[in-house]
Amino acid sequence: YIALLPLIAHAFHDWAYDYLMNMLPVLDNFCSKNSDVFMASTTQDGTPFAMVIVGMAEKILNMPDRTSEPDVITASHLLMVLLHNLIGRIDAAIPRILELTLARLQVPTSEHVKTGDQLKSALLQVVASAFYYNPALTFQYLESTNPPMTMTLFTGWFAEIDKFESYNSQHITVLGLASIVKMDLNTLPPVVRENMGMIVTKMVGLAKDLKESEDENDDENDPDNNPFGGAGDSDEEDGDEEEDGDEDEEGEGSGEDVDDEEDLAYMQAIAKQAKEMHTFANAEDYENYHNRDAEDYESPLLDTDYLMVFAESLHGALQRHPEFYTPMSASLPAEVQAASQALLVAAADPSRAERLAEIARLAAEEEDED
(Lines give C-alpha, C1' and ligand atoms only; values in the text may rest on other atoms or scores of the structure.)
Protein backbone atom coordinates (compact mmCIF):
# COMPACT_ATOMS: atom_id res chain seq x y z
CA TYR A 1 0.00 0.00 0.00
CA ILE A 2 2.99 2.33 0.41
CA ALA A 3 3.04 2.65 -3.39
CA LEU A 4 0.02 4.93 -2.97
CA LEU A 5 2.20 7.71 -1.53
CA PRO A 6 3.16 9.24 -4.91
CA LEU A 7 -0.52 9.24 -5.93
CA ILE A 8 -1.48 11.00 -2.71
CA ALA A 9 1.31 13.53 -3.21
CA HIS A 10 0.20 14.15 -6.79
CA ALA A 11 -3.38 14.82 -5.67
CA PHE A 12 -2.09 17.08 -2.89
CA HIS A 13 -0.02 19.23 -5.24
CA ASP A 14 -2.61 19.21 -8.01
CA TRP A 15 -5.82 20.12 -6.19
CA ALA A 16 -6.01 18.83 -2.59
CA TYR A 17 -3.44 20.80 -0.57
CA ASP A 18 -6.17 21.89 1.86
CA TYR A 19 -6.87 18.22 2.70
CA LEU A 20 -3.48 17.62 4.32
CA MET A 21 -5.06 17.08 7.73
CA ASN A 22 -7.00 14.12 6.29
CA MET A 23 -3.87 12.73 4.66
CA LEU A 24 -1.66 13.02 7.75
CA PRO A 25 -2.64 9.71 9.46
CA VAL A 26 -2.01 7.76 6.24
CA LEU A 27 1.34 9.45 5.62
CA ASP A 28 2.30 8.84 9.25
CA ASN A 29 1.53 5.13 8.83
CA PHE A 30 3.62 4.92 5.66
CA CYS A 31 6.60 6.23 7.62
CA SER A 32 6.16 4.73 11.07
CA LYS A 33 4.75 1.25 10.44
CA ASN A 34 7.58 0.02 8.21
CA SER A 35 10.39 2.55 8.14
CA ASP A 36 12.76 0.23 6.27
CA VAL A 37 10.41 -0.08 3.30
CA PHE A 38 9.67 3.65 3.46
CA MET A 39 13.37 4.54 3.36
CA ALA A 40 14.01 2.16 0.45
CA SER A 41 11.14 3.57 -1.63
CA THR A 42 11.41 6.25 -4.29
CA THR A 43 9.17 7.79 -6.94
CA GLN A 44 9.64 6.93 -10.63
CA ASP A 45 12.07 9.85 -10.99
CA GLY A 46 14.14 8.60 -8.03
CA THR A 47 12.93 11.03 -5.34
CA PRO A 48 13.09 9.41 -1.88
CA PHE A 49 9.72 9.18 -0.18
CA ALA A 50 11.07 11.25 2.73
CA MET A 51 11.70 14.16 0.37
CA VAL A 52 8.23 13.70 -1.14
CA ILE A 53 6.77 14.37 2.32
CA VAL A 54 9.11 17.33 2.85
CA GLY A 55 7.83 18.69 -0.48
CA MET A 56 4.24 18.45 0.72
CA ALA A 57 5.05 20.39 3.89
CA GLU A 58 7.00 22.89 1.80
CA LYS A 59 3.93 23.74 -0.29
CA ILE A 60 1.98 24.68 2.84
CA LEU A 61 4.79 26.59 4.54
CA ASN A 62 5.59 28.56 1.38
CA MET A 63 2.02 29.84 1.00
CA PRO A 64 1.45 31.85 4.20
CA ASP A 65 -1.25 34.01 2.60
CA ARG A 66 -3.24 31.05 1.26
CA THR A 67 -3.13 28.59 4.15
CA SER A 68 -4.77 28.58 7.57
CA GLU A 69 -3.15 28.10 10.96
CA PRO A 70 -4.35 24.45 11.19
CA ASP A 71 -2.75 23.82 7.77
CA VAL A 72 0.63 25.05 9.01
CA ILE A 73 0.31 23.05 12.24
CA THR A 74 -0.45 19.92 10.21
CA ALA A 75 2.54 20.56 7.94
CA SER A 76 4.69 20.87 11.07
CA HIS A 77 3.37 17.52 12.29
CA LEU A 78 4.26 16.01 8.93
CA LEU A 79 7.87 17.12 9.32
CA MET A 80 7.92 15.78 12.87
CA VAL A 81 6.71 12.40 11.60
CA LEU A 82 10.01 12.18 9.71
CA LEU A 83 12.18 13.57 12.52
CA HIS A 84 10.67 11.33 15.20
CA ASN A 85 10.47 8.06 13.28
CA LEU A 86 13.65 8.19 11.16
CA ILE A 87 16.34 9.31 13.61
CA GLY A 88 19.76 9.08 11.98
CA ARG A 89 18.32 8.23 8.55
CA ILE A 90 17.37 11.54 6.93
CA ASP A 91 20.43 13.73 7.55
CA ALA A 92 20.25 15.10 4.00
CA ALA A 93 16.75 16.49 4.66
CA ILE A 94 17.61 18.39 7.86
CA PRO A 95 18.84 21.62 6.21
CA ARG A 96 15.70 21.85 4.06
CA ILE A 97 13.40 21.13 7.00
CA LEU A 98 15.07 23.84 9.09
CA GLU A 99 15.12 26.32 6.23
CA LEU A 100 11.38 25.94 5.64
CA THR A 101 10.49 26.04 9.33
CA LEU A 102 12.59 29.09 10.19
CA ALA A 103 11.41 30.97 7.11
CA ARG A 104 7.76 30.47 8.10
CA LEU A 105 8.51 31.54 11.68
CA GLN A 106 9.82 34.84 10.38
CA VAL A 107 6.75 35.68 8.28
CA PRO A 108 5.11 38.66 10.01
CA THR A 109 1.43 38.62 10.92
CA SER A 110 -0.79 40.60 8.57
CA GLU A 111 -4.38 40.80 7.40
CA HIS A 112 -3.89 37.72 5.23
CA VAL A 113 -1.26 35.87 7.30
CA LYS A 114 -2.07 34.52 10.75
CA THR A 115 0.76 33.63 13.10
CA GLY A 116 -0.81 32.67 16.42
CA ASP A 117 0.73 31.02 19.48
CA GLN A 118 -0.26 27.49 18.44
CA LEU A 119 1.30 27.96 15.01
CA LYS A 120 4.57 29.22 16.52
CA SER A 121 4.52 26.39 19.04
CA ALA A 122 4.14 23.77 16.30
CA LEU A 123 6.97 25.24 14.23
CA LEU A 124 9.24 25.49 17.27
CA GLN A 125 8.47 21.85 18.04
CA VAL A 126 9.95 21.05 14.64
CA VAL A 127 13.09 22.92 15.71
CA ALA A 128 13.19 21.06 19.05
CA SER A 129 12.70 17.79 17.16
CA ALA A 130 15.63 18.64 14.90
CA PHE A 131 17.84 19.16 17.95
CA TYR A 132 16.66 15.83 19.36
CA TYR A 133 17.30 14.18 15.97
CA ASN A 134 20.87 15.53 15.73
CA PRO A 135 21.91 18.65 17.66
CA ALA A 136 25.32 18.93 15.96
CA LEU A 137 23.78 18.81 12.48
CA THR A 138 21.15 21.37 13.50
CA PHE A 139 23.75 23.80 14.82
CA GLN A 140 25.82 23.22 11.69
CA TYR A 141 22.94 24.50 9.57
CA LEU A 142 22.13 27.43 11.87
CA GLU A 143 25.74 28.59 11.85
CA SER A 144 26.07 28.18 8.07
CA THR A 145 23.41 30.77 7.23
CA ASN A 146 24.38 34.34 6.43
CA PRO A 147 24.17 35.80 8.98
CA PRO A 148 24.16 32.87 11.43
CA MET A 149 20.65 32.28 12.77
CA THR A 150 21.52 30.64 16.08
CA MET A 151 21.08 33.71 18.28
CA THR A 152 17.98 34.87 16.39
CA LEU A 153 16.38 31.45 16.82
CA PHE A 154 17.11 31.18 20.54
CA THR A 155 15.92 34.72 21.25
CA GLY A 156 12.59 33.99 19.56
CA TRP A 157 12.36 30.50 21.05
CA PHE A 158 12.90 31.70 24.61
CA ALA A 159 10.27 34.40 24.11
CA GLU A 160 7.68 31.76 23.19
CA ILE A 161 8.57 28.86 25.50
CA ASP A 162 6.64 30.21 28.49
CA LYS A 163 3.48 30.19 26.35
CA PHE A 164 3.74 26.44 25.70
CA GLU A 165 0.78 24.84 27.48
CA SER A 166 0.17 21.52 25.76
CA TYR A 167 1.84 18.33 26.92
CA ASN A 168 3.34 17.72 23.47
CA SER A 169 4.95 21.14 23.16
CA GLN A 170 6.48 20.97 26.64
CA HIS A 171 7.62 17.34 26.35
CA ILE A 172 9.24 17.68 22.92
CA THR A 173 10.92 20.96 23.87
CA VAL A 174 12.43 19.41 27.00
CA LEU A 175 13.87 16.60 24.85
CA GLY A 176 15.27 19.13 22.37
CA LEU A 177 16.89 21.34 25.01
CA ALA A 178 18.28 18.30 26.84
CA SER A 179 19.93 17.19 23.59
CA ILE A 180 21.78 20.52 23.52
CA VAL A 181 22.88 20.20 27.15
CA LYS A 182 24.16 16.68 26.41
CA MET A 183 26.57 17.99 23.76
CA ASP A 184 30.28 18.41 24.37
CA LEU A 185 30.72 22.01 25.47
CA ASN A 186 33.63 22.53 23.08
CA THR A 187 31.46 21.73 20.04
CA LEU A 188 28.80 24.32 20.84
CA PRO A 189 28.71 27.72 19.12
CA PRO A 190 30.04 30.43 21.48
CA VAL A 191 26.64 32.14 21.63
CA VAL A 192 25.08 28.92 22.91
CA ARG A 193 27.71 28.46 25.62
CA GLU A 194 27.11 32.03 26.73
CA ASN A 195 23.40 31.35 27.07
CA MET A 196 23.58 27.86 28.57
CA GLY A 197 22.20 29.18 31.87
CA MET A 198 19.02 30.30 30.08
CA ILE A 199 18.77 26.98 28.23
CA VAL A 200 18.94 25.05 31.50
CA THR A 201 16.49 27.44 33.17
CA LYS A 202 13.91 26.98 30.42
CA MET A 203 14.41 23.21 30.45
CA VAL A 204 13.90 23.10 34.23
CA GLY A 205 10.75 25.22 33.97
CA LEU A 206 9.14 23.01 31.34
CA ALA A 207 10.10 19.78 33.13
CA LYS A 208 8.64 21.20 36.35
CA ASP A 209 5.36 22.01 34.58
CA LEU A 210 5.22 18.49 33.14
CA LYS A 211 5.91 16.90 36.53
CA GLU A 212 3.22 19.01 38.23
CA SER A 213 0.68 18.01 35.56
CA GLU A 214 1.72 14.40 36.00
CA ASP A 215 1.22 14.60 39.78
CA GLU A 216 -2.19 16.25 39.36
CA ASN A 217 -3.30 13.46 37.04
CA ASP A 218 -2.09 10.85 39.53
CA ASP A 219 -4.06 12.54 42.31
CA GLU A 220 -7.21 12.70 40.20
CA ASN A 221 -6.96 9.00 39.33
CA ASP A 222 -6.31 7.93 42.93
CA PRO A 223 -9.57 6.50 44.42
CA ASP A 224 -8.31 7.31 47.93
CA ASN A 225 -8.61 11.00 47.03
CA ASN A 226 -12.32 10.67 46.21
CA PRO A 227 -14.21 11.77 49.37
CA PHE A 228 -17.35 9.97 48.15
CA GLY A 229 -15.56 6.70 47.39
CA GLY A 230 -15.68 4.72 44.17
CA ALA A 231 -18.55 2.38 45.00
CA GLY A 232 -21.22 5.04 44.91
CA ASP A 233 -20.33 6.02 41.37
CA SER A 234 -20.35 2.40 40.30
CA ASP A 235 -23.79 1.80 41.83
CA GLU A 236 -25.14 4.91 40.15
CA GLU A 237 -23.77 3.77 36.80
CA ASP A 238 -25.32 0.34 37.32
CA GLY A 239 -28.63 2.01 38.09
CA ASP A 240 -28.39 4.07 34.93
CA GLU A 241 -27.64 0.96 32.92
CA GLU A 242 -30.70 -0.76 34.38
CA GLU A 243 -32.86 2.22 33.50
CA ASP A 244 -31.45 2.24 29.99
CA GLY A 245 -32.19 -1.44 29.73
CA ASP A 246 -35.80 -0.89 30.80
CA GLU A 247 -36.17 1.87 28.24
CA ASP A 248 -34.80 -0.40 25.52
CA GLU A 249 -37.27 -3.10 26.42
CA GLU A 250 -40.11 -0.60 26.38
CA GLY A 251 -38.96 0.65 23.00
CA GLU A 252 -38.94 -2.84 21.56
CA GLY A 253 -42.38 -3.55 22.94
CA SER A 254 -43.90 -0.37 21.55
CA GLY A 255 -42.47 -0.97 18.08
CA GLU A 256 -40.54 2.34 17.87
CA ASP A 257 -38.76 2.89 14.59
CA VAL A 258 -34.97 2.92 15.08
CA ASP A 259 -34.49 4.74 11.78
CA ASP A 260 -36.62 7.62 13.07
CA GLU A 261 -34.39 7.92 16.13
CA GLU A 262 -31.28 8.00 13.93
CA ASP A 263 -32.83 10.64 11.69
CA LEU A 264 -33.69 12.74 14.72
CA ALA A 265 -30.16 12.42 16.12
CA TYR A 266 -28.73 13.42 12.73
CA MET A 267 -30.96 16.49 12.48
CA GLN A 268 -30.10 17.52 16.02
CA ALA A 269 -26.38 17.28 15.20
CA ILE A 270 -26.84 19.42 12.09
CA ALA A 271 -28.79 22.01 14.09
CA LYS A 272 -26.10 22.09 16.76
CA GLN A 273 -23.38 22.61 14.16
CA ALA A 274 -25.33 25.43 12.49
CA LYS A 275 -25.86 27.10 15.86
CA GLU A 276 -22.14 26.88 16.65
CA MET A 277 -21.17 28.38 13.29
CA HIS A 278 -23.36 31.42 13.96
CA THR A 279 -21.33 32.19 17.10
CA PHE A 280 -18.21 32.84 15.01
CA ALA A 281 -17.44 35.84 12.86
CA ASN A 282 -16.46 33.75 9.86
CA ALA A 283 -15.76 30.22 8.66
CA GLU A 284 -12.05 30.45 9.48
CA ASP A 285 -12.79 31.24 13.13
CA TYR A 286 -15.10 28.21 13.23
CA GLU A 287 -12.39 26.02 11.69
CA ASN A 288 -9.83 27.23 14.21
CA TYR A 289 -12.25 26.53 17.07
CA HIS A 290 -12.73 22.94 16.03
CA ASN A 291 -8.98 22.50 15.50
CA ARG A 292 -8.02 24.14 18.79
CA ASP A 293 -6.41 20.87 19.93
CA ALA A 294 -4.65 20.32 16.60
CA GLU A 295 -1.35 20.92 18.35
CA ASP A 296 -1.60 17.50 19.99
CA TYR A 297 -0.80 14.36 18.00
CA GLU A 298 0.70 10.93 18.50
CA SER A 299 4.48 10.58 18.41
CA PRO A 300 6.98 7.90 19.47
CA LEU A 301 8.89 10.62 21.33
CA LEU A 302 6.03 10.89 23.80
CA ASP A 303 6.96 7.41 25.04
CA THR A 304 10.37 8.76 26.07
CA ASP A 305 10.60 9.58 29.77
CA TYR A 306 11.30 13.31 29.71
CA LEU A 307 12.42 13.25 33.35
CA MET A 308 15.08 10.60 32.75
CA VAL A 309 16.36 12.49 29.68
CA PHE A 310 16.40 15.69 31.77
CA ALA A 311 18.39 14.01 34.56
CA GLU A 312 20.83 12.30 32.18
CA SER A 313 21.57 15.57 30.41
CA LEU A 314 22.38 17.46 33.62
CA HIS A 315 24.39 14.64 35.22
CA GLY A 316 26.33 14.11 32.00
CA ALA A 317 27.08 17.83 31.61
CA LEU A 318 28.39 18.10 35.18
CA GLN A 319 30.60 15.03 34.72
CA ARG A 320 32.07 16.21 31.41
CA HIS A 321 32.61 19.86 32.27
CA PRO A 322 32.40 20.43 36.05
CA GLU A 323 34.53 23.58 35.71
CA PHE A 324 31.74 25.17 33.61
CA TYR A 325 28.49 23.67 34.85
CA THR A 326 29.18 23.81 38.59
CA PRO A 327 29.52 27.61 38.78
CA MET A 328 26.81 28.05 36.16
CA SER A 329 24.36 25.98 38.21
CA ALA A 330 25.22 27.93 41.35
CA SER A 331 24.48 31.18 39.54
CA LEU A 332 20.93 30.16 38.60
CA PRO A 333 18.03 31.68 40.58
CA ALA A 334 17.33 29.87 43.86
CA GLU A 335 13.89 28.68 42.70
CA VAL A 336 15.42 27.15 39.56
CA GLN A 337 18.07 25.35 41.60
CA ALA A 338 15.41 24.02 43.99
CA ALA A 339 13.18 22.85 41.13
CA SER A 340 16.12 21.18 39.41
CA GLN A 341 17.08 19.25 42.56
CA ALA A 342 13.48 18.14 43.12
CA LEU A 343 13.25 16.89 39.53
CA LEU A 344 16.53 14.98 39.82
CA VAL A 345 15.24 13.31 43.00
CA ALA A 346 11.97 12.39 41.26
CA ALA A 347 13.85 10.94 38.28
CA ALA A 348 15.86 8.68 40.62
CA ASP A 349 12.75 7.33 42.38
CA PRO A 350 12.60 3.55 41.67
CA SER A 351 8.79 3.57 41.86
CA ARG A 352 8.69 5.94 38.87
CA ALA A 353 10.56 3.48 36.67
CA GLU A 354 8.26 0.67 37.78
CA ARG A 355 5.14 2.71 37.10
CA LEU A 356 6.35 3.74 33.63
CA ALA A 357 7.22 0.13 32.81
CA GLU A 358 3.70 -0.94 33.80
CA ILE A 359 2.17 1.80 31.66
CA ALA A 360 4.31 0.71 28.69
CA ARG A 361 3.28 -2.93 29.22
CA LEU A 362 -0.42 -2.07 29.29
CA ALA A 363 -0.04 0.12 26.19
CA ALA A 364 1.70 -2.75 24.35
CA GLU A 365 -1.09 -5.15 25.30
CA GLU A 366 -3.68 -2.66 24.06
CA GLU A 367 -1.84 -2.33 20.75
CA ASP A 368 -1.66 -6.10 20.36
CA GLU A 369 -5.39 -6.38 20.96
CA ASP A 370 -6.07 -3.76 18.28
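Since the model is a prediction, treat every value here as computed from it, not as a measurement. (Residues numbered from 1 in each chain as written. Predicted model: local features only at pLDDT ≥ 70, side-chain atom pairs only at ≥ 80, totals over all residues. Heavy atoms only, no water.)

Engineer: In this structure, what is going on with the overall build of the protein chain? I would like to understand it.
Structural biologist: Looking only at helices and strands, the protein chain features 19 helices and zero strands. By residue count, 41% of the 370 residues in the protein chain fall in the buried class. Counting only contacts in the protein chain whose residues sit at least 6 apart along the sequence, the fraction spanning at least 24 positions is 76%. (Helix = DSSP H or I, 4+ residues; strand = E, 2+ residues; numbered from the N terminus. Buried < 20%, exposed > 50% of the residue type's maximum accessible area, 1.4 Å probe, protein only. Contact = heavy atoms within 4.5 Å.)

Engineer: Is there a simple way to explain unusual backbone geometry in this structure?
Structural biologist: Glycine aside, residues mostly have negative phi, and peptide bonds are mostly found in the trans state. A cis amide bond links Asn-146 to the next residue, Pro-147, at an omega of 0 degrees. As for its placement among the helices and strands, Pro-147 is situated in the loop between α8 (135-144) and α9 (150-161).

Engineer: How should the pattern of salt bridges be read in this particular structure?
Structural biologist: Evaluated as defined, the whole model comprises twelve salt bridges. The salt bridge involving Lys-120 is made with Glu-160; its shortest N-O contact spans 3.5 Å. Within this pair, whereas Lys-120 is found in helix α7 (residues 117-133), its partner Glu-160 is found in helix α9, the two being separated by 40 residues in sequence. Overall, Glu-160 belongs to the buried group, its relative accessible area being 10%. One salt bridge connects Lys-211 with Asp-215, and the closest N-O pair in it is separated by 2.7 Å. A residue pair is termed a helical-turn pair when its members lie 3 or 4 positions apart in one helix, as Lys-211 and Asp-215 do in helix α12 (residues 196-221) at four residues. Classification of Asp-215 by relative accessible area gives partly exposed; the value is 31%. A cluster of three or more residues bridged by salt bridges with shared partners is formed by Asp-117, Lys-120, Glu-160 and Lys-163. (Salt bridge = Lys/Arg side-chain N within 4 Å of Asp/Glu carboxyl O.)

Engineer: Honestly, the packing of helix α16 (residues 306-320) against helix α18 (residues 334-347) in this entry has me stumped. Any pointers?
Structural biologist: In helix packing, the relevant descriptors are the interaxial angle and the interaxial distance, both defined with respect to the helix axes. With their axes 9 Å apart at the nearest point, α16 and α18 run at an angle of 115 degrees to one another. The way α16 lies across α18 gives a crossing that is left-handed. Side by side, α16 and α18 meet where Leu-307, Met-308, Phe-310, Ala-311, Leu-314 and His-315 of the first sit next to Ser-340, Leu-343, Leu-344, Ala-346 and Ala-347 of the second. Of the residues assigned to the contact of α16 with α18, the class counts are nine nonpolar, two polar and no charged. (Axes fitted to C-alpha atoms, helices over the stretch in contact; angles between N-to-C directions. Left-handed = near helix turned anticlockwise from the far one by under 90°. Nonpolar A, V, L, I, M, F, W, Y, C, P; charged D, E, K, R; others polar.)

Engineer: In this structure, what is going on with the nonpolar core? I would like to understand it.
Structural biologist: For soluble globular proteins, nonpolar side chains are generally found buried alongside one another. In terms of nonpolar packing, the biggest core is built from 97 residues, with Leu-27, Phe-38, Trp-157, Ile-180 and Met-196 touching the most fellow members. Excluding anything up to four places from it in sequence, Ile-180 contacts Phe-131, Phe-139, Phe-154, Trp-157, Leu-188, Val-192, Met-196 and Ile-199. (Core = buried A, V, L, I, M, F, W, Y, C linked by side-chain atoms within 4.5 Å.)

Engineer: Help me understand the side chain of Ser-299 in this model?
Structural biologist: Along the chain, Ser-299 turns up in the loop between α15 (283-290) and α16. A polar contact is formed between the side chain of Ser-299 and the side chain of His-84, at a distance of 2.6 Å. (Polar contact = N/O pair within 3.5 Å; in protein donor to acceptor, adjacent residues only side chain to side chain.)

Engineer: I'm lost on the packing of aromatic side chains in this one. Help?
Structural biologist: The geometry of an aromatic ring pair is captured by the separation of the ring centres together with the interplanar angle, meaning the angle of the planes. Evaluated as defined, the whole model comprises nine aromatic pairs. Both rings, one in Trp-15 and one in Tyr-19, keep their centres 6.4 Å apart while their planes meet at 65 degrees; by these two values the pair is edge-to-face. Taking relative accessible area as the criterion, Trp-15 reaches 59% and is therefore assigned exposed. A relative accessible area of 44% means that Tyr-19 is categorised as partly exposed. One aromatic cluster in this structure is built from Phe-131, Phe-139, Phe-154, Trp-157 and Phe-158. (Phe/Tyr/Trp six-rings, centres within 6.5 Å; stacked < 30°, edge-to-face > 60°.)

Engineer: Looking at this model, I keep getting lost on helix α2 (residues 20-33). Mind explaining?
Structural biologist: Since there are 3.6 residues in each turn of an α-helix, residues three or four apart along the chain are aligned in direction. The end-to-end C-alpha distance of α2, which contains 14 residues, comes to 19 Å, matching closely the 20 Å that a straight helix rising 1.5 Å per residue would cover. Among the residues of α2, Leu-20, Met-23, Leu-24, Leu-27, Asp-28, Phe-30 and Cys-31 are the ones counted as buried. Buried positions along α2 lie against α1 (5-14), α3 (35-40), α4 (49-61) and α5 (69-85). (Expected span 1.5 Å × (residues − 1).)

Engineer: Help me out: how do you make sense of helix α10 (residues 167-181) in this one?
Structural biologist: With 15 residues, α10 extends 21 Å from end C-alpha to end C-alpha; this agrees with the ideal 21 Å at 1.5 Å per step. With 14 of 15 residues buried, α10 is to be regarded as a mostly interior element.

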